[in-house]
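# Reading the structure
Read off the chains here:
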Amino acid sequence: QAHPSASLEAIQRIALDPGAAIIDVGGGSSRLCGSLLAAGYSDLSVLDISETALALARRRLGEGAGRITWITADLLAWRPTRHYVVWHDRAVLHFFLNAHDRRAYAQTLREALTPSGYAIIATFSPDGPDRCSGLPVHGSSAEEIVDLLGSDFSAIETSVQVHSTPSGGNQPFTWVIAGRRQSPA
């Protein structure tokens, strides 16, 4: 995306504090981190398996890249060393095809978030494509995503948005903003 407006708007709706810790998983060469910096956010991390994609984003940001924590890791093997208020994933979850990997994804998300954190997940819808970048994908409904996150999360907002590809195709994405329920004291 040339401008990640849907992601930026979703983050701005739930992370009112510009100092809120935000992680963009699978952020690679995305322009989201630059848009977040421009919007005044200051505690940003980007995780991606591709060092090449992260290097592209760092080059694009120039001096601003030094204000972001860059993490090169396989999401399923990564263990968070800190907590985040917002977990943002646009187009990662759908690459995890089997139930074991999807549960591992959700466990990592739960470990990474604060007790009152939020997950923003945008993934192909069930009626979306069955391949992306030459790889098979698994589409999910909003209900499936919230169920995957577990009983300590509830949906705040769900929608299906159609993404227009550079080649002129349309891809339906399921968007979920879910908040972690705080345990009663």
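Relevant structure appears above.
Residues numbered from 1 in each chain as written. Predicted model: local features only at pLDDT ≥ 70, side-chain atom pairs only at ≥ 80, totals over all residues. Heavy atoms only, no water.

Let us look at the overall build of the protein. For the protein, the count of helices and strands is five helices and nine strands. Going residue by residue from the N terminus, the α and β elements of the protein occur as α-β-α-β-α-β-β-α-β-β-β-α-β-β. Computed over its C-alpha atoms, the radius of gyration of the protein comes to 15 Å, within 12% of the 16 Å expected for a compact globule of 185 residues. Expressed as lengths along the three principal axes of its C-alpha atoms, the size of the protein is roughly 50 × 40 × 30 Å. For the protein, the proportion of contacts with a sequence separation of at least 24, taken over those separated by at least 6, is 66%. When the accessible surface of the protein is split by element, carbon and sulfur atoms take 52% of a total near 8,900 Å². Mean positive and mean negative side-chain charge positions of the protein (15 and 18 charges, respectively) differ by 4 Å. (Helix = DSSP H or I, 4+ residues; strand = E, 2+ residues; numbered from the N terminus. Rg over C-alpha atoms; globule rule 2.2 N^0.38 Å. Contact = heavy atoms within 4.5 Å. Areas by Shrake-Rupley, 256 points an atom, 1.4 Å probe, with all protein chains shown as cover. Lys, Arg positive; Asp, Glu negative; His and termini not counted. Charge placed at Lys NZ, Arg CZ, Asp CG, Glu CD.)

Scanning the entire structure with this criterion turns up three aromatic pairs. With centroids separated by 5.8 Å and ring planes inclined at 50°, the aromatic side chains of Phe96 and Tyr105 adopt a geometry described as tilted. Tyr105 matches Phe96 in its accessibility class, with the two residues each being buried. Taken together, the aromatic side chains of Trp87, Phe96 and Tyr105 make up a single cluster linked through ring pairs. (Phe/Tyr/Trp six-rings, centres within 6.5 Å; stacked < 30°, edge-to-face > 60°. Buried < 20%, exposed > 50% of the residue type's maximum accessible area, 1.4 Å probe, protein only.)

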